[in-house]
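# Observations on the three-dimensional arrangement
Take a look at the letters that make up each chain.
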Amino acid sequence: MLLIFVMYFTIPGLTQDKSYVIKGKIFDIDLNGESIELVELGDGHNGTLQNTRVRNNEFSFTGTVAKPALWMLLIENHRVLLVGENAEISVKIYSDSTRVSGTKSNDDFQDFIDKSNAYRKKITELFT
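Residues numbered from 1 in each chain as written. Predicted model: local features only at pLDDT ≥ 70, side-chain atom pairs only at ≥ 80, totals over all residues. Heavy atoms only, no water.

### So, the packing of aromatic side chains
The criterion, for reference: Working definition: a ring pair exists when centres of Phe, Tyr or Trp rings (six-membered ring for Trp) sit within 6.5 Å. Plane angles under 30 degrees give stacked, over 60 give edge-to-face, the rest tilted. Going along the chain from the N terminus, every DSSP run of H or I of four or more residues is numbered as a helix, and every run of E of two or more is numbered as a strand. Any residue under 20% of the maximum accessible area for its type is buried, any over 50% is exposed, and the rest in between are partly exposed; the area is computed with a 1.4 Å probe on protein chains only. A positively charged side chain is recorded as over a ring if its NZ (Lys) or CZ (Arg) lies within 6 Å of the ring centre. The angle to the ring normal must also be within 35 degrees.
Under the counting rule described, the total for this entry stands at four aromatic pairs. Ring geometry for Tyr20 against Trp71: centres 4.8 Å apart, planes inclined by 70°, an arrangement best described as edge-to-face. With Tyr20 in strand β1 (residues 20-26) and Trp71 in strand β5 (residues 69-75), this residue pair connects regions lying 51 residues apart in the sequence. A single burial state applies to Tyr20 and to Trp71, both of which are buried. Positioned over the ring face of Phe27 is Lys25, at 5.8 Å from the centre of the ring.

### Notes on unusual backbone geometry
In this structure, Asn56 takes a positive phi of about 55° despite not being glycine. Relative to the helices and strands, Asn56 is located in the loop between β3 (46-53) and β4 (58-63). Notably, Glu76 is not glycine yet its phi reads approximately 45°, a positive angle. Mapped onto the secondary structure, Glu76 falls in the loop between β5 and β6 (78-84). Residue class for Glu76 comes out partly exposed when judged on its relative accessible area of 48%.

### Here's the deal with the pattern of salt bridges
The test is simple: A carboxyl oxygen of Asp or Glu within 4 Å of a side-chain nitrogen of Lys or Arg is what we treat as a salt bridge.
Taken as a whole and judged by the stated rule, the model has four salt bridges. A salt bridge links Asp111 to Lys115; the nearest nitrogen and oxygen atoms lie 3.3 Å apart. Pair noted here: Asp111 and Lys115 are both in helix α2 (residues 104-126), with a separation of four residues, about one helical turn. A residue is classified by how much of its surface remains accessible, and Lys115, at 46% relative accessible area, is partly exposed.

### Focus on the sheet that holds strand β7 (residues 88-93)
To keep things clear, this is the line we draw: We call two strands paired when DSSP finds no fewer than two bridges between them. Helix axes are fitted to C-alpha atoms over the stretch in contact, other axes to C-alpha atoms as well, and angles between N-to-C directions run from 0 to 180 degrees.
Taken in spatial order, the four strands line up as β4-β1-β7-β8 in an open sheet, and their pairing is mixed. Every other strand in the sheet has two partners, leaving β4 and β8 (98-101) as the edge strands with one partner each. In this sheet, adjacent strand axes meet at a mean angle of 10° when their direction is disregarded. Where β1 lies against β7, six bridges are found, and the strand directions are parallel. Note that in β7 the partner of Gly24 across the bridge is Val91.

In structure tokens, the structure reads:
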């Protein structure tokens, strides 16, 4: 009887679809009301998943994804790369930089981008 009870409450939890929630904050009041697009980057094609408008310097996207994928947020002159996966993801867009966090994949990817930008800056300084 105990085994049936445990299985009854455990199995639905294992089979439930998780979802993603992307919560974003934009630190540029000029972008209020602007459209922001969530795009999946793929093999030779990019496909728009969703779009919304920035309201009160915030935006959000929700949905589900079958497996992690490389996504991009597009708004005005900002391009933000992130790993799309079923989890809560935080995005902050500043006038001169962006910050994505909330999952190990996105934290690691953000660290890679930060290091790449630092190396690019050093290389540029060497040749100027």
